[in-house]
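# Survey of secondary and tertiary structure
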Amino acid sequence: MSIRHGLLALIERGPRYGSQLRTEFESRTGSTWPLNVGQVYTTLNRLERDGMVTQGGEDAAGHTLYAITDSGRAELRTWFEKPVDRTSPARDELAIKLAMAVGAPGVDIRAVIQSQRRHTVKAMQDYTRLKAQALLAVESGEARERDDVAWLLVLEQLIFQTEAEARWLDHCESRLIRLSATAPTAGTGTTGAGTSTIPTVPGTSTGPADPIGPGVPASQGTPATGTPGAR
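Anyway, here's the lowdown on the structure attached to this text. (Residues numbered from 1 in each chain as written. Predicted model: local features only at pLDDT ≥ 70, side-chain atom pairs only at ≥ 80, totals over all residues. Heavy atoms only, no water.)

## Things to note about the pattern of salt bridges
Within this structure, the stated rule accounts for 12 salt bridges. In this structure, the salt-bridge partner of glutamate 24 is arginine 16, at a minimum N-O distance of 3.0 Å. Take arginine 16: its relative accessible area is 10%, and that puts it in the buried class. A salt bridge links lysine 131 to glutamate 156, with the nearest nitrogen and oxygen atoms 3.5 Å apart. (Salt bridge = Lys/Arg side-chain N within 4 Å of Asp/Glu carboxyl O. Buried < 20%, exposed > 50% of the residue type's maximum accessible area, 1.4 Å probe, protein only.)

## Overview of helix α2 (residues 18-29)
In this model α2 runs 17 Å from its N-terminal to its C-terminal C-alpha over 12 residues, within 8% of the 16 Å that 1.5 Å per residue would give. Turning to α2, its buried residues number three or more, namely Gly18, Leu21, Phe25, Glu26, Ser27 and Thr29. Here the buried face of α2 lies against α1 (3-11), α3 (37-49) and α7 (145-182). Downstream of α2 by one or two residues, glycine 30 has phi in the positive range, about 65°. (Helix = DSSP H or I, 4+ residues; strand = E, 2+ residues; numbered from the N terminus. Expected span 1.5 Å × (residues − 1). Contact = heavy atoms within 4.5 Å.)

## Side note on the side chain of arginine 117
One can find arginine 117 in helix α6 (residues 109-140). A distance of 2.9 Å separates the side chain of arginine 117 from the side chain of aspartate 170, its partner in a polar contact. (Polar contact = N/O pair within 3.5 Å; in protein donor to acceptor, adjacent residues only side chain to side chain.)

## Section: the pairing of strand β1 (residues 53-58)
When β1 meets strand β2 (residues 64-68), the two strands line up antiparallel, connected through four bridges. The partner of glutamine 55 across the bridge, within β2, is tyrosine 66. (Pairing = 2+ DSSP bridges.)

## Notes on the pairing of β2
Counting buried residues in β2 gives four out of five residues, a clear majority hidden from the surface. The antiparallel hairpin formed by β1 and β2 contains five residues in its connecting segment, where glycine 62 sits at a positive phi of about 85°.

## A word on the packing of aromatic side chains
Overall, the coordinates contain one aromatic pair when judged by the stated rule. Seen from their ring centres, tryptophan 79 and phenylalanine 80 are 5.2 Å apart, and the 40° between their planes marks the pair as tilted. Owing to a relative accessible area of 33%, tryptophan 79 belongs among the partly exposed residues under this scheme. On the basis of relative accessibility, which here comes to 49%, the residue phenylalanine 80 falls in the partly exposed class. (Phe/Tyr/Trp six-rings, centres within 6.5 Å; stacked < 30°, edge-to-face > 60°.)

## Things to note about the packing of α2 against α3
Look at α2 against α3: their axes get within 9 Å of each other, and the N-to-C directions meet at 110°. When the axes of α2 and α3 are compared, the pair comes out roughly perpendicular. In this structure, α2 crosses over α3, and the sense of that crossing is right-handed. Where α2 abuts α3, its residues Gly18, Ser19, Leu21 and Arg22 lie against Val37, Val40, Tyr41 and Leu44. Considering only residue class, the contact of α2 with α3 consists of five nonpolar, two polar and one charged. (Axes fitted to C-alpha atoms, helices over the stretch in contact; angles between N-to-C directions. Parallel < 35°, antiparallel > 145°, perpendicular 65-115°, else oblique. Left-handed = near helix turned anticlockwise from the far one by under 90°. Nonpolar A, V, L, I, M, F, W, Y, C, P; charged D, E, K, R; others polar.)

## Points about helix α5 (residues 93-101)
Residues of α5 that are buried: Leu94, Leu98 and Ala101. Summarising the axial view, the buried residues of α5 lie within an arc of 60°, below the 170-degree limit, and thus occupy one face. Along α5, exposed side chains directed more than 90 degrees from the buried face belong to Glu93 and Met100. Next to the buried residues of α5 lie α6 and α7. Between the side-chain oxygen of the N-cap and the backbone nitrogen of leucine 94 there are 3.0 Å, and the N-cap of α5 in question is aspartate 92. After α5 finishes, the residue glycine 103 shows a positive phi value of roughly 80°. (Arc of directions from axis to C-beta.)

Next up, the structure:
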């Protein structure tokens, strides 16, 4: 998450001070990624050091205002135009957890998957409720349209993420069932030179590999992230 560029985008609209930037950033993103004032001012100091912003006096209440420079505008344009790099994906705790759970002594990996699936479904329900509220605000014209449209886009991205996560969890469980059904009995050694057997995965059935337990339709998926606060 580029706090640096997010703050630059807000400052481009006019001089801002630290706590004002925090409030506007959280309003625009529905507090999905909350900031603290210390984090904001640390980022502002770095932007000033790099020549992206400059202090532009004070407001009537004595708050130090920051204004964007030409260098900051150029940096912001580059950020908007350049695709987000996916060659080094961020660490995903859920993916790491399931990877470590495979073959871990005493771990029922299907129970881990099903527990996560319940959380994912709950998150999807919360996101969908918040989306309905955001749509109502935009369509009624009662809200600040720019912030509410921005929040709606963030919510829809979270919904798509959770749908993908639910489908992936279903896939993981189905994959483990298939592998368990075809694995030799544990402890039989190798099936050939250099080829290890696939151990039975704790918590999986050796029955048919069709269905996945209490599955979730793709349209109902959800993420492992917490639910952002309602606006």
